[in-house]
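# Architecture and fold: a report
Next come the chains, spelled out residue by residue.
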Amino acid sequence: MNRDRNEEDRILNPAGEPYAAQPEQETDIPAGGDYAQQDGDDVGGVLPEEVFEQPEQEARRPAQRAESREEPELFEVRPKAGGQPPKKKKSNARLIAIIVAAVVVIAAAVGVYAWWNSQQAARQDELLAQTTIYPGIRINGVDVGGLTREEAQAKVDQANTQTLADIAIKLNHDGQDIALDFTKAGLTFDTASALDEAVSLGKDGEREARLQKIEELAKGYDITVPMELSDEAQLDAMLDEALNGIGVAAQDAKVTAFHPDQEVKFEYQEGTPGKEPNREEIASQLKTMLSQEQKEGSIAVTLQDVQPAVTVAQLKEQTQLVSKYQTTTTSNSNRNTNIRLACDSFQGRVLQPGEEFSFNNSTGERSTAKGYKAAPAIKNGNQFVDEPGGGVCQVSSTLYNAVLMADLEVTERYHHSIKSTYVPAGLDATVNYGGADFKFKNNKDTPVYLAYSFANQQLTIYIYGAPLADGVTIKTVGEVVGSIDPPADKTTVDNSLKPGERVQVIQRRTGTIAKGYKVYYDKDGNKVDTVLLHTDRYPAVQGEYRVGPNAPAATPTPSQSTEPSPSTPAQPTPSADPEPDPTPEQPAGEGQE
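Each chain has its residues counted from 1, following the order in which its sequence is written. Owing to the predicted nature of the model, reporting of local features is limited to residues with pLDDT of at least 70; listing and counting of side-chain atom pairs is limited to 80 or more, with chain, interface and lining totals taken over all residues. Hydrogens and water molecules were not included; the side-chain quantities draw on all heavy atoms of the structure.

Let us now look at the overall build of the protein chain. Numbering of helices and strands starts at the N terminus; helices are DSSP runs of H or I of at least 4 residues and strands are runs of E of at least 2. Check the secondary structure of the protein chain and you find 12 helices and 30 strands. Here's how the labels work: a residue is buried when its accessible area is under 20% of the maximum for its type, exposed when over 50%, partly exposed in between, all with a 1.4 Å probe on protein chains only. Scored against the burial criterion, the 593 residues of the protein chain give a buried share of 34%. Summarising the internal contacts of the protein chain: among those between residues at least 6 apart in sequence, 76% fall at separations of at least 24. Using the Shrake-Rupley algorithm and a 1.4 Å probe, accessible areas are obtained, with residue cover drawn only from the displayed protein chains. For the protein chain, the exposed surface amounts to about 33,800 Å²; the carbon and sulfur share of it is 49%. Here, two residues are considered to be in contact whenever any of their heavy atoms come within 4.5 Å of each other.

Next comes the structure, spelled out in structure tokens:
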């Protein structure tokens with residue numbers, strides 16, 4: 001088909017008429033090359049490809065058209081009546097704008113992501129630096145997350161106390177329930193190790209491992225601390241309180257009288273059986289229930305026959321004569337009166353286990369109002385003067401030796417400043433009311449009983465109680481190991497005296513060093529041990545005289561060991577066994593000699 005150029009280029013409308021010429025207008029072509037509907041126009045089919053070609057394709061169109069002249073047109077695209085011809089595609093400015101916008105959005109997203117990552121890292125750093133317990137951790141069901149160790153302990157302790165208070169195990173006797181207070185039962189929870197674990201969880205290891213552990217803890221982590229019976233004595237006390245008044249207690253045999261001055265010293269009363277709760281069985285059941293963490297239940301209380309724990313036969317074994325010690329007094333009636341009064345203060349005294357005896361407390365102040373009389377007593381450590389109570393040191397010294405032989409515990413003792421004559425050196429015990437005292441303690445599991453007898457200037461002190469184990473007996477021994485020479489006599493002129501007259505003021509005495517011992521013997525009389533008690537130093541005393549004017553030079557007088565008194569008892573000599581290490585020397589004291 002041959003057409004002229006103008007005819008080829010014409011595009012006819014549906015009526016077969018050419019479109020009227022229109023001024024050229026720019027139109028926007030949507031990105032992607034699709035032709036959009038405008039002003040309600042309907043393209044009516046697939047648009048030719050050249051509608052979406054780019055300007056650089058226009059140069060190729062004449063050739064293409066030439067090639068297509070020989071081909072019949074399959075169809076023609078005709079606009080609707082009154083429509084506008086297709087407009088030319090605008091530049092790609094919109095595409096560039098979209099790309100720029102996309103770049104901005106991507107950059108913003110990258111920035112947001114980087115910011116979020118930095119915030120997340122900061123939060124992780126803060127979490128890893130946390131010193132409190134991490135969330136999710138519980139101890140015995142108590143949430144301790146976010147707490148310090150101290151706060152967690154207070155919270156857990158409070159919960160544990162409530163747990164004990166909520167235990168509803170009861171006793172039942174004759175249909176009556178007896179409540180138990182388990183806060184007083186010696187039950188505890190070892191929360192210390194649990195708290196240590198709670199505080200340390202998530203705190204160790206590498207960063208990622210810790211973060212993973214903390215995340216796992218947040219899902220819940222339970223630490224269980226079992227209830228433990230840590231003090232059975234408290235459990236026993238709780239049961240005693242609960243069972244008090246149930247049944248009839250057995251009555252032990254007892255000493256009803258002590259007659260120290262009679263031939264039969266003791267009177268006894270037999271014990272009686274009782275009916276008491278099955279306490280051991282109750283305690284056993286209760287411990288089993290608690291170990292199984294039972295929170296409620298009931299234990300039946302039944303009564304059983306119980307025999308006395310102490311019988312008369314046992315008491316007779318515990319009231320034997322354990323020791324006695326005897327000394328000889330002087331014929332001074334005032335002094336002997338004082339000795340008797342001091343002994344009366346403890347005649348028949350019973351010392352319970354652990355009880356301490358004080359000589360000064362026993363006698364009280366030794367005054368004339370109590371009947372004490374004036375008799376020789378040591379004054380200023382170097383002479384004798386008469387004062388009320390003089391002579392009672394013989395009682396304390398005699399008691400001291402009896403106490404040593406009974407193997408009781410001496411808690412306070414002093415030796416005299418002048419060596420005594422009624423006991424060996426090293427075995428005396430001086431007393432002075434308001435000053436030096438003699439004390440001892442009953443260190444046995446059973447009572448001890450004190451008694452004395454005094455006749456014909458023989459003073460004997462007795463101690464009764466449980467005999468020493470295995471038939472052992474004890475003797476006391478004093479040994480003089482040295483002497484101390486006194487200085488020369490001191491002479492003072494007294495013009496009230498006649499020329500040549502000489503009066504003794506203080507007697508010159510040689511000092512003594514002595515040791516005291518306890519010697520142990522077995523039941524067959526064989527010596528098994530020697531114990532050094534102390535080393536005593538009785539100081540020397542300088543003699544003093546008053547002389548009249550123009551008196552001749554003094555002639556030294558022989559020193560005397562002590563004041564006139566009964567002869568000194570023979571001193572047993574310790575064996576040549578190796579001597580124990582010396583003990584500190586005892587201070588000397590004045591006393592009512």
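A word on helix 4 (residues 149-165). Expected helix span is computed as 1.5 Å times (number of residues minus one). Look at helix 4: 24 Å from first C-alpha to last across 17 residues, which is about the 24 Å you get at 1.5 Å a residue. Residues A152, V156, N160 and L164 constitute the buried set of helix 4. Take helix 4 and look down its axis: the buried residues cluster within an arc of 100°, on one side only. Exposed residues pointing more than 90 degrees away from the buried face of helix 4 are listed as E150 and Q158. In this structure, the buried residues of helix 4 make contact with strand 1 (137-139), strand 2 (142-143), strand 5 (187-189), helix 5 (191-200) and strand 7 (227-229). It is the directions from the helix axis to the C-beta atoms that the arc portrays.

The next subject is helix 10 (residues 333-344). Between the first and last C-alpha of helix 10 there are 16 Å, a value that for 12 residues agrees with the 16 Å anticipated at 1.5 Å per step. Among all positions of helix 10, only R335, N336, N338, I339, A342 and C343 are buried. What you see down the axis of helix 10 is that its buried residues fit within an arc of 155°, all on one side. Here the buried face of helix 10 lies against helix 11 (359-363), strand 16 (374-379), helix 12 (393-405), strand 21 (448-455) and strand 22 (458-465). Measuring from the side-chain oxygen of the N-cap residue of helix 10 to the backbone nitrogen of N334 gives 3.0 Å; that N-cap residue is N332. Within 3.5 Å is the distance limit for a polar contact, defined as a pair of N or O atoms, with the added protein rule that one can donate a hydrogen and the other accept it, and that residues adjacent in sequence qualify only through two side-chain atoms.

Among the structural elements, L290 can be located in helix 8 (residues 279-291). Classification of L290 as buried rests on a relative accessible area of 5%. Considered as a pair, L290 and E228 are 62 residues apart in the sequence and their alpha carbons are 8.3 Å apart. Residues contacting L290, with those up to four places away along its chain left out, are I167, I169, F182, L187 and M227.

When a protein is soluble and globular, its nonpolar side chains tend to lie buried together. The definition of a nonpolar core used throughout is a set of buried Ala, Val, Leu, Ile, Met, Phe, Trp, Tyr and Cys residues joined through side-chain atoms within 4.5 Å. Among the nonpolar cores identified, the biggest contains 43 residues, and I137, I139, V144, L171, F182 and L286 are the most heavily contacted of them. For this core, the secondary structure elements donating two or more residues are strand 1, helix 4, strand 3 (168-173), strand 5, helix 5, helix 6 (207-218), helix 7 (232-243) and helix 8. For L171, the contacting residues outside a window of four places in its chain are Q176, D177, I178, L180, L239, A242, L243, I282, I299 and V301. F359, Y372, C393 and A402 belong to the second largest nonpolar core, which has 33 residues in total.

Turning our attention to unusual backbone geometry. A positive phi angle, close to 55°, is found at E293, a residue other than glycine. As for its position among the elements, E293 is in the loop between helix 8 and strand 11 (296-300). For E293, a relative accessible area of 41% translates into the label partly exposed. A positive phi is found at D407, a non-glycine position, where the angle reads about 60°.

Take the pattern of salt bridges next. Oppositely charged side chains may form a pair once their charged atoms are brought near each other. For this document, the term salt bridge refers to a Lys or Arg side-chain nitrogen within 4 Å of an Asp or Glu carboxyl oxygen. Scanning the entire structure with this criterion turns up 15 salt bridges. With a closest N to O distance of 3.3 Å, R413 and D428 form a salt bridge. Placement of R413 in the loop between strand 18 (409-412) and strand 19 (415-416) and of D428 in the loop between strand 19 and strand 20 (439-441) is noted, with a sequence separation of 15 residues between them. This pair shows no difference in class: R413 is buried, exactly as D428 is. The salt bridge involving R413 is made with D536; its shortest N-O contact spans 2.8 Å. Remark: D536 occurs in strand 27 (residues 527-538) and R413 occurs in the loop between strand 18 and strand 19; sequence separation between them is 123 residues. With respect to class, R413 is no different from D536; both count as buried. When salt bridges with common partners are traced through the structure, they connect D236, D240 and R279 into a single cluster.

On to the packing of aromatic side chains. Working definition: a ring pair exists when centres of Phe, Tyr or Trp rings (six-membered ring for Trp) sit within 6.5 Å. Plane angles under 30 degrees give stacked, over 60 give edge-to-face, the rest tilted. Counting across every chain of the model gives 11 aromatic pairs. Relative to F357, the ring of F346 has its centre 6.0 Å away and its plane inclined at 90°; by these criteria the two rings are edge-to-face. You can see F346 sitting in the loop between helix 10 and strand 14 (350-351) and its partner F357 sitting in strand 15 (residues 356-358), a full 11 residues away along the chain. Grouping residues by exposure puts F346 and F357 together as buried. Aromatic rings pair up to connect F258, F266, Y268, Y449, Y462 and Y464 into one cluster.

Once that is clear, we can look at the environment of P226. Within the secondary structure, P226 is located in the loop between strand 6 (221-223) and strand 7. For the pair formed by P226 and F189, sequence separation is 37 residues and the distance between their alpha carbons is 6.3 Å. Residues within four places of P226 in sequence aside, it is in contact with T188, F189 and E293.

Once that is clear, we can look at the sheet that holds strand 1. Strands pair, by our definition, only if DSSP identifies at least two bridges between them. If you trace the three strands from one edge of the open sheet to the other, you get 2-1-6, paired in mixed fashion. The open sheet terminates on both sides in strands that have one partner only, identified here as strand 2 and strand 6. Where strand 1 and strand 6 come together, three bridges link them in parallel fashion. Bridged to R138 within strand 6 is D222.

Below, the discussion takes up the confidence of the model for the protein chain. When the pLDDT values of the protein chain are averaged, the result is 82; 77% of them are 70 or greater. pLDDT: the predictor's confidence for each residue, scored from 0 to 100. Here residues 1-9 is a poorly scored stretch, pLDDT under 50, and it has seven contacts once near neighbours within four places are set aside; other chains count. Contacts for the low-pLDDT stretch residues 23-59, under 50 throughout, to residues beyond four places or in other chains number 40 contacts.

Our next topic: the sheet that holds strand 20. Strand-to-strand pairing in sheets goes through backbone hydrogen bonds, with the strands running parallel or antiparallel. Taken in spatial order, the three strands make up an open sheet running 15-20-18, and their pairing is antiparallel. Pairing within the sheet leaves two strands with one partner each, and these edge strands are strand 15 and strand 18. The mean angle between the axes of side-by-side strands here comes to 25°, regardless of whether they run parallel or antiparallel. Bridge analysis of strand 18 against strand 20 gives three bridges, and the strand direction is antiparallel. Its bridge partner lying in strand 20, E412 is registered against K439. To obtain an axis, a line is fitted to C-alpha atoms, over the contacting stretch when the element is a helix, and the angle between two such axes runs from 0 to 180 degrees between their N-to-C directions. Lying over the sheet, helix 12 contacts strand 15, strand 18 and strand 20, oriented at roughly 140° with respect to strand 18.

Along the chain, T163 falls in helix 4. The exposure class of T163 is partly exposed, given its relative accessible area of 27%. In this structure the C-alpha to C-alpha distance between T163 and T183, which are 20 residues apart in sequence, comes to 9.0 Å. Not counting residues within four places of it along the chain, the set of residues in contact with T163 comprises F189 and K295.

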